Amino acid sequence: MKNMIQRTPFLLIAFALLIFLNPAFSQSNASTTFKCVVLGSGGGIEENNLSAYLLASKNSNDFICLDAGTVYTGIAQAEKMGNFNNVFVPSGDNITKTAFIFRELIKGYLISHAHLDHVAGLVIASPALKHSNIYGSAQTIDFLKNNIFDWETWPNFTDDGSGLKLNVLSYKTLIPKQIQNIENTGFKVTSFMVSHQEPYTSTAFLIDSFGNYVLYLGDTGADEIEGSGHLGEIWNFIAPIIREGRLSAIFMECSYPDQQPETQLFGHLTPKLFFAELENLAKITDMENFHEALRGIPVIVTGIKPSWKEADENKYLIYKQLLLKNKLGVKIIIPEQGQLIEF
Ligand SMILES: [Zn+2]
């Protein structure tokens, strides 16, 4: 016990040092295209900090929300950190700023899969919604329709499915590999299926803002472990975009440290698998010179699962393992709830 208490500050200092020494942590420069406000960055246990990332063009407040594990709490945290200082509630609107951002500025939710840690925030806050759209694969929308907004688990706040439809959320089904508009934003999206412990699938979203792109991967296992070629297919699709210098960032999950046994990955990545996949992408992008192919691209690491041990080492451990394996020179970013990241 005493040993643990003495070790915790050491880990915190080491983690802070790693963050400080990594130039990618604080991002802001004139050439950036997108901004992201992190509403939730964790992959489990703590219900107040689960995967959800607001994304907008740098000079716009028309946000989409990539997954929706924690929404309302994340907005409040970002406000506290001064990251919504450019948002003003119109005089006469007798609502809090958190409610205004939630009701007016989030134009659509892109849900990678229906696991609770990716949807709970939207479900719980749905009574406060004005109107928004849910974009997802046919499978994701089916699960939301039949298992969540079904008047049994939760009232039906959507425009389809069982019983009375409260119509504040409209389902928009994404067809894989088809370019579709995200209403009320300048964004378009192309979706891809990924494996999340076969046969269950999750989704990746390639967001297009006037020819600049962000790739968001929902929970996913590695092709090698899942026995699928889904990530390979995405890498082939985005390699030309990278060659043209038009990929602004990748959001990629890394749920467990390398110590996690391969038989207990449950459709997730470790630092070793994370970089095996990025190396596949680098080779497809530029086989001759793959060590340079992805250099400098920001990779935001999502879904880290906190451990429940007294000294939670997972975030520090995963960050350390990623930095040590980063032969490709990508900019590893470990997001914090409420943080603003520009890329
Ligand atoms: Zn999941």
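Quick note: structure is the one above.
Everything quoted here is computed from the prediction, not taken from an experiment. (Residues numbered from 1 in each chain as written. Predicted model: local features only at pLDDT ≥ 70, side-chain atom pairs only at ≥ 80, totals over all residues. Heavy atoms only, no water.)

How would you explain the overall build of the chain if you had to name every residue and give the values?
Helices and strands together make up the secondary structure of the chain, namely ten helices and 14 strands. Expected size for 343 residues packed as a compact globule is a radius of gyration near 20 Å; at 19 Å, the chain falls within 12% of this value. By principal-axis analysis of the C-alpha atoms, the chain measures approximately 55 × 50 × 45 Å. Out of the 343 residues belonging to the chain, those deemed buried represent 56%. Pairs at least 24 apart in sequence give 63% of the contacts found in the chain among residues at least 6 apart. For the chain, the computed accessible surface area is about 14900 Å², with 55% contributed by carbon and sulfur atoms. (Helix = DSSP H or I, 4+ residues; strand = E, 2+ residues; numbered from the N terminus. Rg over C-alpha atoms; globule rule 2.2 N^0.38 Å. Buried < 20%, exposed > 50% of the residue type's maximum accessible area, 1.4 Å probe, protein only. Contact = heavy atoms within 4.5 Å. Areas by Shrake-Rupley, 256 points an atom, 1.4 Å probe, with all protein chains shown as cover.)

Describe the sheet that holds strand S13 (residues 331-333), naming the residues involved and giving the relevant values.
With respect to topology, seven strands assemble into an open sheet ordered S7-S8-S9-S10-S11-S12-S13, the strand pairing being mixed. Looking at the sheet topology across the chains shown, the edges are occupied by strand S7 (179-181) and S13. The mean angle between the axes of side-by-side strands here comes to 25°, regardless of whether they run parallel or antiparallel. Relative to strand S10 (residues 212-217), strand S9 (residues 201-209) is paired through six bridges, and the arrangement is antiparallel. Residue pairing in the sheet places Phe205 in a bridge with Tyr216 of S10. Here helix H8 (residues 271-285) sits on the sheet in contact with strand S11 (247-253), strand S12 (298-302) and S13, set at roughly 150° to S11. (Pairing = 2+ DSSP bridges. Axes fitted to C-alpha atoms, helices over the stretch in contact; angles between N-to-C directions.)

An account of H8 is needed here, citing residue identities and associated values.
Taking 1.5 Å per residue, 15 residues should reach 21 Å; H8 reaches 21 Å between its end C-alpha atoms and fits that length. For H8, the full list of buried residues reads Pro271, Leu273, Phe274, Phe275, Glu277, Leu278, Leu281, Ala282 and Thr285. (Expected span 1.5 Å × (residues − 1).)

Give a detailed account of the coordination of the zinc ion, specifying residues and quantitative values.
Looking at the zinc ion, one finds its protein donor set to be His113 (NE2), His115 (ND1), His196 (NE2) and Asp219 (OD), positioned 2.1 to 2.4 Å from the metal centre. Considering all four donor atoms around the zinc ion, angles at the metal cover 88 to 170° and the coordination shape is irregular. Within one chain, the residues donating to the zinc ion are spaced in sequence as H-x1-H-x80-H-x22-D. Residue His113 is classed as buried on the basis of its relative accessible area of 0%. For His115, a relative accessible area of 32% translates into the label partly exposed. (Donors = N, O, S within 2.8 Å, 3.2 Å for Na, K, Ca; no water. Tetrahedral: all angles 85-135°; square planar, octahedral: opposite > 155°, others 65-115°.)

Mind laying out the pattern of salt bridges, listing which residues take part and the relevant values?
For the structure on display, the rule yields eleven salt bridges. Ionic pairing is found between Glu183 and Lys172, a salt bridge with its closest N-O pair at 3.1 Å. Residue Glu183 is found in the loop between S7 and strand S8 (187-195), and its partner Lys172 is found in strand S6 (residues 169-173); the two are separated by eleven residues along the sequence. A salt bridge links Glu244 to Arg246, with the shortest nitrogen-to-oxygen separation between them at 2.1 Å. We classify Glu244 as partly exposed; its relative accessible area is 49%. Here Arg246 falls in the partly exposed class, since its relative accessible area comes to 27%. (Salt bridge = Lys/Arg side-chain N within 4 Å of Asp/Glu carboxyl O.)

How would you sum up unusual backbone geometry? Please name residues and give values.
For the bond from Glu198 to Pro199, the omega torsion is 5°, close enough to zero to count as cis. By the secondary structure assignment, Pro199 is in the loop between S8 and S9. Phi is positive for Trp151, close to 65°, though the residue is something other than glycine. Among the secondary structure elements, Trp151 is positioned in the loop between helix H5 (138-148) and S6. One non-glycine residue, Asn167, lies in positive phi territory at about 60°. For Asn167, the position within the fold is in the loop between H5 and S6. Among the residues examined, Asn167 registers a relative accessible area of 44% and is labelled partly exposed.

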